[in-house]
Amino acid sequence: MTSRTQVAIIGAGPAGLFLAHLLHRAGVSALVIENRSRAYVEGRVRAGVLERTTVELMDKLGVGARMRREGIVHQATNIAVGERLFRVDFTEVSADALVMLYGQSEVMRDLGDAAVEREIPIVYEASEVALHDVDSDAPSVTFTHEGKVQRIACEYIAGCDGFHGVSRGTIPESVRTTFERVYPFGWLGVLADVPPCMHELVYANHERGFALASMRSPTRSRYYVQCSVEEKLEDWPDERFWDEVSLRLGSSVAPHITRGASFEKSIAPLRSMVCEPMRWGRLFLTGDAAHIVPPTGAKGLNLAVSDVIFLAEALVERYAGNGSGSTAGIDGYSARALARVWRAERFTWWFTSLMHRFPTMEGFDRRMQSAELEYLAESKAARAVFIENYIGLPL
Ligand code: RFL
Ligand code: PHB
């Protein structure tokens, strides 16, 4: 069976669903094709920190009410270095500087519920998704759903299918360049229904490795410790995890940690990756399909959001005047998105390098980390640079 839509969106993660809502609002028809179930997409425990642009987009799309009720506004973060703890107050830069703590799974639920209400078409559990004739004027997407092969004829394809999706690989290797850094460690993350240890986040640089105390609500905490990617989850029973995170967060934080049974535990590898360009013919890459940042600095979901804001603007401009609109936005999409992507890549690479123990680190590198952290603690100018990036650079 062949159906038709203006924009085929591959992937119903944050990039795909934000884009679907933006296009729906502008009257551009779109179909979302996702290879997993809705429950799977909403159950993934990932991002927790939303920048102002993401918060404002939730409001603009009319999906922000629960976030406004349940999300936690932070105007500062903390950095622990061994036994020292210092606070970075975002309001040093501007009185209304903030980030919002609201889990990615909650964002996905709000976007998913609104998509049902607004009758935005999403095909979940589509297998064998393939993109065709992307560099022609008549691209299409095929997939199998409930045993039937379907073909969607479209005008544009948005590749919102994450790091492991099919879209990026559709661009011939002769056309794309991948820039990559794989870090020699991962993050072991734990979710537990215990109150957070501090009102704000704590990022720790400890001689045993990085640690992070984060949260999802006043009764749910998210903690991470740096670990080797070869480690097995079985080697990390809860008691060992709590002992390790307590040690790394330091003695002024540790007494405030409430221990409890974890209900999610996973190891995520850390990498930086950018694929250039982010467009080939009628295919546009967005979010993790085009780039990966290490989670230090919480930029991944927020970058996916800025990409789709740029892409939606470009497509809406293209469809203005009954389809006779300008293609300038489309032609400029890749360069515009990449400029912001590289700034976030720089910040997350810097913050990752500053906070982790690298296996090859020598005395000099350790001293450089200490000197830089000392500078951050003591210099308002150094903190201003950190804050500007952490809360999110302007679009
Ligand atoms: P996603 O979320 O990977 O969604 C892609 C969707 O595409 C589907 N898919 C396909 N669909 C159809 N056909 C195919 N062949 C397909 N292949 C895949 C997938 O099933 C999925 O539903 O990418 P998207 O939308 O670009 O969103 C990116 C974000 O999810 C990601 O950047 C963040 O989670 C990163 N991240 C964080 N970002 C933040 O902004 N703030 C944070 O605090 C933050 N913390 C984190 C994070 C990521 C983490 N991990 C596990 C990688 C913490 C962690 C631990
Ligand atoms: C999270 O809460 O999952 C989180 C917070 C801050 C980060 C990364 C992840 O930098």
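The rules behind the values
Residues numbered from 1 in each chain as written. Chains lettered and ligands numbered in written order. Predicted model: local features only at pLDDT ≥ 70, side-chain atom pairs only at ≥ 80, totals over all residues. Heavy atoms only, no water. Near = heavy atom within 4 Å. Polar contact = N/O pair within 3.5 Å; in protein donor to acceptor, adjacent residues only side chain to side chain. Areas by Shrake-Rupley, 256 points an atom, 1.4 Å probe, with all protein chains shown as cover. Helix = DSSP H or I, 4+ residues; strand = E, 2+ residues; numbered from the N terminus. Nonpolar A, V, L, I, M, F, W, Y, C, P; charged D, E, K, R; others polar. Domains from an automatic or database assignment. Buried < 20%, exposed > 50% of the residue type's maximum accessible area, 1.4 Å probe, protein only. Pairing = 2+ DSSP bridges. Contact = heavy atoms within 4.5 Å. Buried area = accessible area lost by both parts, 1.4 Å probe. Salt bridge = Lys/Arg side-chain N within 4 Å of Asp/Glu carboxyl O. Axes fitted to C-alpha atoms, helices over the stretch in contact; angles between N-to-C directions.

1. Let's talk about the site of ligand 2
Move 1: Around ligand 2 lies a shell of 14 residues, among which Tyr-203, Ser-214, Arg-216, Tyr-224 and Pro-295 are the nearest.
Move 2: Ala-298 places a polar main-chain atom, nitrogen or oxygen, 3.3 Å from an oxygen atom of ligand 2.
Move 3: Within the complex, 97% of the 280 Å² of free accessible area of ligand 2 lies under protein.
Move 4: For the shell around ligand 2, the secondary-structure elements that each account for two or more residues are β16 (209–217) and β17 (220–227).
Move 5: Broken down by element, the residue count for the shell around ligand 2 peaks at 3 residues, all from β16.
Move 6: When grouped by side-chain class, the residues that make up the shell around ligand 2 number 8 nonpolar, 3 polar and 3 charged.
Move 7: Summarising the domain contributions, the shell around ligand 2 has at least three residues from each of domain 1 (2–72 + 100–180 + 271–352) and domain 2 (184–270 + 358–390).

2. Here we look at the site of ligand 1
Move 1: Around ligand 1 sit 32 residues in total, of which Glu-34, Arg-46, Gln-104, Asp-288 and Leu-301 are the nearest.
Move 2: Here an oxygen atom of ligand 1 and a side-chain polar atom of Asp-288 are 2.7 Å apart.
Move 3: Within the backbone of Gly-300, a nitrogen or oxygen atom sits 3.3 Å from an oxygen atom of ligand 1.
Move 4: Burial of ligand 1 by the surrounding chains reaches 88%, relative to a free accessible area of 1,000 Å².
Move 5: Sorting the residues of the shell around ligand 1 by element identifies α1 (14–25) and α8 (300–323) as the ones contributing at least two each.
Move 6: In terms of residue count, the dominant contributor to the shell around ligand 1 is α8 (3 residues).
Move 7: Partitioned by chemical class, the residues of the shell around ligand 1 number 15 nonpolar, 10 polar and 7 charged.

3. Quick notes on the pairing of strand β6 (residues 76–81)
Move 1: Across the 6 residues of β6, 5 count as buried, placing the element largely inside the fold.
Move 2: Where β6 meets strand β7 (residues 84–89), 6 bridges bridge the pair, whose relative direction is antiparallel. Its bridge partner being in β7, Ala-76 is matched across the sheet by Asp-89.
Move 3: Hairpin remark: β6 followed by β7, antiparallel, with 2 residues in the connecting loop; positive phi at Gly-82, about 60 degrees.
Move 4: As judged from the 4 bridges shared by β6 and strand β15 (residues 202–206), these two strands associate in the parallel manner. What sits directly across from Val-81, in β15, is Asn-205.

4. Overview of the domain arrangement of the chain
Move 1: Each assigned domain of the chain is listed with its residue range as follows: domain 1 (2–72 + 100–180 + 271–352) and domain 2 (184–270 + 358–390).
Move 2: Here the C-alpha centre of domain 2 lies 30 Å away from the C-alpha centre of domain 1.
Move 3: At the junction of the two partners, domain 1 supplies 20 residues and domain 2 supplies 23 residues.
Move 4: When the buried surface of domain 1 facing domain 2 is broken down by residue, Val-45, Ile-72 and Trp-350 rank first, second and third, together holding 28% of it.
Move 5: Remark: the boundary between domain 1 and domain 2 carries 0 salt bridges.
Move 6: Of the residues in the side of domain 1 that touches domain 2, the class split is 10 nonpolar, 5 polar and 5 charged.

5. Considering the sheet that holds strand β8 (residues 99–101)
Move 1: Strand order in the open sheet formed by 3 strands is β4-β8-β5, with antiparallel pairing between adjacent strands. Pairing within the sheet leaves two strands with one partner each, and these edge strands are β4 (49–50) and β5 (72–74).
Move 2: Bridging between β4 and β8 involves 2 bridges; their strand directions are antiparallel. In the sheet register, Val-49 faces β8, and the bridge partner there is Leu-101.

6. So, the sheet that holds strand β10 (residues 127–132)
Move 1: Taken in spatial order, the 4 strands of this open sheet run β1-β12-β11-β10, and their pairing is mixed. Whereas interior strands pair on both sides, the edge strands pair on one side only; in this sheet they are β1 (2–4) and β10. This sheet shows a mean twist of 20 degrees between the axes of neighbouring strands, independent of strand direction.
Move 2: Direction of pairing for β10 relative to strand β11 (residues 140–145): antiparallel, over a ladder of 4 bridges. From the neighbouring strand, Leu-131 faces β11, where its bridge partner is Val-141.

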